[in-house]
Amino acid sequence: MTGTRIAALGHYQPAKVLTNDDLAALVDTSDAWITSRVGIRTRHVAGEDEPVDELATHAGAKALAAAGLTPADIDMVLVATSTAIDRSPNTAARVAARLGMGSPAVMDLNVVCAGFTHALALADHSVRAGSASRVLVIGADKMAAVADWTDRTTCVLVGDGAGAAVVVATGPGEEPGIGPVLWGSVPEMGNAVRIEGTPPVFAQEGQSVYRWATTQLPPIARQVCERAGVTPEELAAVVLHQANLRIIEPVAQKIGAINAVVARDVIESGNTSAASIPLALSKLVARGEVQSGAPALLFGFGGNLSYAGQVIRCP
């Protein structure tokens, strides 16, 4: 059984940007109110003619180019999303078609905000087991399409985008670049984050999620580090689901990652659900804020109430 690593990353966001002042013209809110409560200043919003699979394809194409691979090299596509409208063809199949791939396995995963870290674990397991050799893993969501734009407590949170990773096998003697996953859920809190109804609308119990995340997540995240054989002090980066700056900062502090760069992409991107972790990680790597081979903790949490995390080595 071989190990795996992330060969390259890519990300994509729509061109349209909504500022807090723009939102203040829609609902009773202000830049000061939003930044003080969630830390968000801007978010990118896709148009009606920009479906989730298009966002995912742009991010995936960038990751493939960065890895020096062609679409024909990929034999599995995993897309984490909870906002795709159509059920079939699924988003992964549409991405494969847009990129002109051969005959990859194509699967969507709906684990909402923890979707990318779940998908990354499945890619790792698939390559280790020999059922895939090169996997394109994408987190993509159009949260703005499921937002209630009359509800100031939720519409200020959301943004659209996609992030992607190419997962490949490690070479002979090479250390694994994707650590063991720790995943689970809190079924009794499954209704705390919802995308329900026809048409579907995003809603959440913000205080419940905040209390759970800030108290329960740090010890789970430390267990992730333990499984990977890394201490929190050794982490070079912490990339949590970009839900709320008031969750990200205290959780990162409680983990004990005192030497790590903490991803704060939520400030400029908002909550992009399954896209948030690969989007934030790709930006950190692109800006050179973390070195190749450096350990980074990825930890997703949110809808269902699900969570999943692993320590990876940055490409």
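About the thresholds
Residues numbered from 1 in each chain as written. Predicted model: local features only at pLDDT ≥ 70, side-chain atom pairs only at ≥ 80, totals over all residues. Heavy atoms only, no water. Phe/Tyr/Trp six-rings, centres within 6.5 Å; stacked < 30°, edge-to-face > 60°. Lys NZ or Arg CZ within 6 Å of the ring centre and 35° of its normal. pLDDT = per-residue confidence, 0-100. Helix = DSSP H or I, 4+ residues; strand = E, 2+ residues; numbered from the N terminus. Pairing = 2+ DSSP bridges. Axes fitted to C-alpha atoms, helices over the stretch in contact; angles between N-to-C directions. Buried < 20%, exposed > 50% of the residue type's maximum accessible area, 1.4 Å probe, protein only.

Caption draft 1: Broad picture of the packing of aromatic side chains. Evaluation of the coordinates by the stated rule reveals two aromatic pairs. Clustering of aromatic rings is evident, with ring pairs tying together Trp 212, Phe 299 and Tyr 307. The ring of Trp 33 carries Arg 152 above its face, with NZ or CZ at 4.5 Å from the centroid. One cation-aromatic arrangement involves Arg 246 over Tyr 210; the distance from NZ or CZ to the ring centre is 5.1 Å.

Caption draft 2: Fine view of the confidence of the model for the protein chain. In this model, the protein chain carries an average pLDDT of 97, and 100% of its residues clear a pLDDT of 70 or more. Least confident of the elements in the protein chain is strand E9 (residues 193-196), whose mean pLDDT is 95; most confident is strand E4 (residues 76-80), at 99.

Caption draft 3: Looking closely at the sheet that holds E4. With respect to topology, five strands assemble into an open sheet ordered E1-E7-E6-E4-E5, the strand pairing being mixed. Only two strands of the sheet have a single partner each, and these edge strands are strand E1 (4-12) and strand E5 (105-109). In this sheet, adjacent strand axes meet at a mean angle of 15 degrees when their direction is disregarded. Sheet topology places E1 next to strand E7 (residues 160-169); eight bridges connect them, and they run antiparallel.

Caption draft 4: Spotlight on the pairing of strand E13 (residues 295-301). For E13, the tally of buried residues reaches seven of seven residues, placing the bulk of the element in the interior. With burial as the criterion, each face of E13 is covered, one bearing Pro 295, Leu 297, Phe 299 and Phe 301 and the other bearing Ala 296, Leu 298 and Gly 300. Judged from the four bridges that link them, strand E11 (residues 237-240) and E13 form a sheet pairing that is parallel. Note on E13: the bridge partner recorded for Leu 240 is Phe 299. Pairing of E13 with strand E14 (residues 306-313) involves seven bridges; the strand directions are antiparallel. Paired with Pro 295 across the two strands is Arg 313, which belongs to E14. Count of turn residues in the E13/E14 antiparallel hairpin: four residues, of which Gly 302 carries a positive phi of about 155 degrees.

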